[in-house]
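Residue-level structural notes
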Amino acid sequence: MQIPNYSKLWRSEHPTTKEEQIMIDFSLTLEQRMLQSKARNFALRDIKPIVQIIEESDNPEIEPWDFCQSIFRKGAELGFTSLLLPTKYGGLGGKCIDIVLVLEELGAADVSIACSYFNLTAAMSLFVTRAGTSEQQERILSHVRSGEPHLFSAAESEPNVATSDLFCPIPDANIGIKTFAQRDGDAYVLNGKKSSLVTNAGIADAYFIIARTALDKPLGESMSIFYVPANTPGLKFGERTQMIGWKPSHHAPIHLDNVRIPAKNLLGQEGEAAKLLMLLPEVAIGLAASYVGLARAAYEYALDYAKKRVSWGRPIIEHQAVALKLADMMINTQAARLTVWEAANTADTNPQLAAMVKAPAAKTFAVDVAIKNAQTAVEILGGYGVTKESQAGKFLNDAFIGYSCDFTREVLRLGLVNCL
Ligand SMILES: Cc1cc2nc3c(=O)[nH]c(=O)nc-3n(C[C@H](O)[C@H](O)[C@H](O)COP(=O)(O)OP(=O)(O)OC[C@H]3O[C@@H](n4cnc5c(N)ncnc54)[C@H](O)[C@@H]3O)c2cc1C
């Protein structure tokens, strides 16, 4: 079955050549190395100790945001949430590769903090500069210049609806999300429910909510995206969702009960959400970079253990069966990193190619490598690997969450193959 080719929507306005620009210089500039080391220090000093507290407490009653808010503020002060924004908004005017360098470091400390708080906020801020009018850009991003960081959340998935329907080719208006935005004079009134997996739901300062503006048209033509500040009446949140990993992040369902917002909070035109989200390969590339961080951390953790653990009178790294596993972990991490770097370079040079092919490829591959490395780490640590004392189990649980976060491995590859 053919899946919808959203690239057609894009191509009309963004003609592209089939040529692909290839980054042949892999060396980082001095500024990039400084940024990388700033992110690494921040990850080690500020993120890791907090993650340890959250993981060790193992208490579902704990609200991770109580611990992570200070991390988010400090990271925002360091420029990690405004890195990609043009300087006219108070951003650093960085390139996609810059945020990739940062997110690998943060992801090595904790992939959920990298993805939920930093990648999502940085990417949605960038989204506003791409999809918003100049009035919307000034208004929604004014906090950046004033130095008051805003945490963002984006909600498309809904309970009892397969999120993969977003990629469904069947032109049946009954398929897909049901949250509806009714135009009422100079306002929209939103009603519906968003799934329990929405990242930052209940703790964010503002939400980008996808709703239908027509229920008689197929999903691809009827989804619209709205900016909804957290304090809007009728915006309600359910209990925090418990997950197998990603303990430091916060996910919850959203209930939209006659949420009235000004019409000027519609980003782009009605029915344009699918097309506009194609403008944002940085979300998947940022996730991929964070998962390269996890893959690296799992490798380094297993390497350290293999150098210390002794069997048959020698460190287990000296047994080839273990050494070859470590070699594969290193090789796969490097391959994933280069795939992500290349996707980041493409995001800056050929955004359409990045959105349609390189970003989903990078995300799929980086998560695969993270899962494989986490599994190998559990193996190398032997029995200790399955205890809560070791970090290997955390790597594995966190890695598996990448499988379906921001679309599953299946639908990403089906979307990609349609563009080949
Ligand atoms: C950590 C995390 C954070 C998230 N954050 C957000 C968020 O901030 N906002 C938000 O809106 N959502 C969020 N989600 C939801 C996420 O986008 C969806 O869970 C994801 O897209 C998968 O959709 P689903 O769970 O509905 O699975 P389904 O679409 O129901 O799919 C179920 C299974 O069937 C397979 N499948 C479905 N259709 C096909 C097909 N046509 N061909 C082959 N296989 C198919 C899928 O690959 C999957 O294995 C998050 C999820 C996670 C895990």
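Residues numbered from 1 in each chain as written. Predicted model: local features only at pLDDT ≥ 70, side-chain atom pairs only at ≥ 80, totals over all residues. Heavy atoms only, no water.

Attention now moves to the side chain of Thr121. By the secondary structure assignment, Thr121 is in helix 5 (residues 111-131). Once residues within four sequence positions are removed from consideration, Thr121 is found in contact with Phe72, Thr81, His150, Leu151 and Phe152. (Helix = DSSP H or I, 4+ residues; strand = E, 2+ residues; numbered from the N terminus. Contact = heavy atoms within 4.5 Å.)

All right, on to the site of the ligand then. By nearness alone, 20 residues border the ligand, and Glu156, Ser157, Ser164, Thr408 and Glu410 come closest of all. Within the backbone of Glu156, a nitrogen or oxygen atom sits 2.8 Å from an oxygen atom of the ligand. Between the ligand and Thr199 there is a distance of 2.8 Å, counted from a nitrogen atom to a side-chain nitrogen or oxygen. Here the ligand has 970 Å² of accessible area as a free molecule, and 69% of this is covered by the chains. Of all the secondary structure elements, the ones that give two or more residues to the shell around the ligand are strand 1 (152-155) and helix 14 (409-417). Partitioned by chemical class, the residues of the shell around the ligand number 11 nonpolar, seven polar and two charged. (Near = heavy atom within 4 Å. Polar contact = N/O pair within 3.5 Å; in protein donor to acceptor, adjacent residues only side chain to side chain. Areas by Shrake-Rupley, 256 points an atom, 1.4 Å probe, with all protein chains shown as cover. Nonpolar A, V, L, I, M, F, W, Y, C, P; charged D, E, K, R; others polar.)

Here Glu105 shows up in helix 4 (residues 96-109). Sequence-distant contacts of Glu105, defined by excluding residues within four places in its chain, comprise Gln36, Ala39, Arg40, Ala43 and Arg296.

Bringing the packing of helix 10 (residues 282-308) against helix 12 (residues 351-380) into the picture now. Two numbers describe how helix 10 lies on helix 12: the axes approach to 8 Å, and their chain directions differ by 20 degrees. When the interaxial angle is binned, helix 10 and helix 12 end up roughly parallel. Crossing of helix 10 over helix 12 shows left-handed handedness. The class makeup of the residues in the contact of helix 10 with helix 12 is 22 nonpolar, one polar and one charged. (Axes fitted to C-alpha atoms, helices over the stretch in contact; angles between N-to-C directions. Parallel < 35°, antiparallel > 145°, perpendicular 65-115°, else oblique. Left-handed = near helix turned anticlockwise from the far one by under 90°.)

As a further point, take the pattern of salt bridges. The tally for this structure, following the rule as stated, stands at 21 salt bridges. Here Glu55 and Lys394 are joined by a salt bridge, their closest N and O atoms 3.1 Å apart. Taken together, the residues span a long stretch of sequence, with Glu55 in helix 2 (residues 30-57) and Lys394 in helix 13 (residues 392-401) at a distance of 339 residues. Across the pair Arg73 and Glu148 runs a salt bridge whose closest N-O atoms are separated by 3.2 Å. With Arg73 in helix 3 (residues 64-77) and Glu148 in the loop between helix 7 (142-146) and strand 1, this residue pair connects regions lying 75 residues apart in the sequence. Arg73 sits in the partly exposed class, given a relative accessible area of 33%. Owing to a relative accessible area of 42%, Glu148 belongs among the partly exposed residues under this scheme. Here the residues in one salt-bridge network are Arg40, Glu104, Glu105, Arg296, Glu300 and Arg337, joined through shared partners. (Salt bridge = Lys/Arg side-chain N within 4 Å of Asp/Glu carboxyl O. Buried < 20%, exposed > 50% of the residue type's maximum accessible area, 1.4 Å probe, protein only.)

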